[in-house]
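Descriptive structure summary
Listed below are the residues making up each chain.
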Amino acid sequence: MWNYFRDIGLGIVTVLTSMGVAWRHLFTRSVTLQYPTEKWTMPERSRMRLFNKIEDCIGCGQCARACPTDCITIQTEKRGKDEPEVFASDGTQIKLRTYVFDIDMALCCYCSLCTFPCPTHCLVMTPEYEYSVYDKLDHIYRFAKEKPLSGKAQKPHSEKTESHGQ
Amino acid sequence: MEVEYSGDVMTLNMGPQHPSTHGVLRLELKTDGEIVAAAIPHIGYLHRCFEKHVENVDYAGVVPYTDRMDYCAAMNMELGYVLAVEKLMGIEVNNRVRCIRIVMAELGRIASHLIAAGTYGNDIGSFTPFLWCFRDRERILDMFEETCGARLLYNYNWIGGLMFDIKPGFEDKLIEFLDYFEPQVDNLNRLLSDNWIFIKRTAEVGILSPETAISYGVTGPNLRGSGVKFDVRRDEPYLGYDEFDFEIPVGQGEYGPVGSCWDRYMVRIREVKESCKIIRQAVAKLTPGDVHESIPKRIKPPAGEIYMRTECPRGELGYYIVSDGGLKPYRLKVKSPCFTVMSAFEEVSRGAMISDVIAILGSFDIVLGEIDR
Ligand code: SF4
Ligand code: SF4
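Residues and elements named next belong to chain A. Taken together, three strands build an open sheet; the order of strands is 2-3-5 and the sheet is antiparallel. Unpaired on one side and paired on the other, strand 2 (72-78) and strand 5 (140-142) mark the two borders of the sheet. Ignoring strand direction, the axes of neighbouring strands in this sheet form an average angle of 15°. Pairing analysis gives three bridges linking strand 3 (residues 96-104) to strand 5, with the strands arranged antiparallel. Bridge pairing links Ile103 to Tyr141 in strand 5.

Even without glycine at this site, Tyr110 of chain A takes up a positive phi of about 60°. Inspection of the secondary structure assignment puts Tyr110 of chain A in the loop between strand 3 and strand 4 (123-125). We classify Tyr110 of chain A as partly exposed; its relative accessible area is 24%. Even without being a glycine, Leu239 of chain B presents a positive backbone phi close to 55°. Mapped onto the fold, Leu239 of chain B is located in the loop between helix 10 (232-235) and helix 11 (261-285).

All names here are of chain B. In total, this model carries 39 salt bridges over all chains according to the counting rule given. A salt bridge links Arg309 to Glu236; the nearest nitrogen and oxygen atoms lie 2.5 Å apart. With Arg309 in strand 6 (residues 304-312) and Glu236 in the loop between helix 10 and helix 11, this residue pair connects regions lying 73 residues apart in the sequence. Given the relative accessible area of 21%, Arg309 is considered partly exposed.

How each quantity is defined
Residues numbered from 1 in each chain as written. Chains lettered and ligands numbered in written order. Predicted model: local features only at pLDDT ≥ 70, side-chain atom pairs only at ≥ 80, totals over all residues. Heavy atoms only, no water. Pairing = 2+ DSSP bridges. Helix = DSSP H or I, 4+ residues; strand = E, 2+ residues; numbered from the N terminus. Axes fitted to C-alpha atoms, helices over the stretch in contact; angles between N-to-C directions. Buried < 20%, exposed > 50% of the residue type's maximum accessible area, 1.4 Å probe, protein only. Salt bridge = Lys/Arg side-chain N within 4 Å of Asp/Glu carboxyl O.

Set out below in structure tokens:
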């Protein structure tokens, strides 16, 4: 009997204590953000969407080898001897023509392992985070701009991805 | 607890989509009225073939996968793996890397314990602590993001070093956070831990006796909640934890038998304070250095095998790696703390009330990503 009333008493007292703590909290600043209208500034090291400055890419394929999920597809060919020489912005000569450079952001695990071995620092992760799409295939970013000269048939990435997904 | 069973047994499925199972876990409860005669956990809903898959990934590429095992404490998960490979390759890291790793691991522990305490309060029916814990955890994640760019799955500990050095001014932020956070723990105590209703609800259920805990191989806060003083950080120090001064809190059974849900919960709250102490010491020990100094050009460990255990927030995390001298692990086996505690679950919950099953499960603080891997 005594225990019963003691429990009730202690219950009320401790609940009042916690309500006191919560009451004081009412007068502190709010910590939430009203997301689409207010936005948080991302720190500069944020690892979100990948971006490749394809003009600087020498097509070495080190990023694709480092990627644990194999989501980077690169196809290159040698530039001909009679073509003008091309240089990346840091002076490295670009000997290969990269005609496929696809990153499947739907497969990417945002580990950033691909950005470190890049010799010309052209592959970076940007702080941009709003890029949802309706179709999963739209997450394949095709960075390559040049066309192959040797006329090799270019295998569309989408086929490969679809067989991946099954 | 001795309970006489009689009458019909009804099978009740709890989960896989149950909010208090903390992931996708199905509990098959054989209930006799309100009393649970047997609780059989069915796991595997989150199985991602981690161990087999990493046999096809190079050593550096395994780190992001270890993050995804226990996503509440990814820093500690990758730390264990990285230390195992370093031990296999005989890499010694410098003092700066060691101290930053300790700071990050302890921050990860605080973040993880905050989730544990917050969701436990939520399971029991108290919502405010949940939000407050997440608010404080958010500040830790902000610090992580500032340092390595990711909020949840960091890939920050690399074999032989770290991804980035901490930013200038990080130490001040850290101290500022600790100064803010330590009083918050007391607030949390006043809000939840000392609440008599919460105590009545948890202090007499889910008794895990020390003998049972040891025989099942339970580790971490769950074992310490049963009053066994075992912590890998103290008993088999790695990263130089032996130079740090910290207590190992154990369950004392203030409000009921030792090893109750409340004891396990309280061990975590007390551990958070110890982690704060460790972080302060680690910041004081920070010396200048290069965090990329000992990263090997090519990660190719010699043939051999290694077992390395670390104390992750949920207990002893062990990595067993077999190397054939190649670029990929030949075999990798994880000893996960949640899996062992899950096997003890049936014994603990036998004879409990149905509503107490939630309390028991929550107090074990399991993460299904790590059980199923
Ligand atoms: S961030 Fe990781 S998963 Fe994504 S493309 Fe780079 S290496 Fe691959
Ligand atoms: S590592 Fe850099 S330069 Fe080489 S292929 Fe990748 S993006 Fe291009």
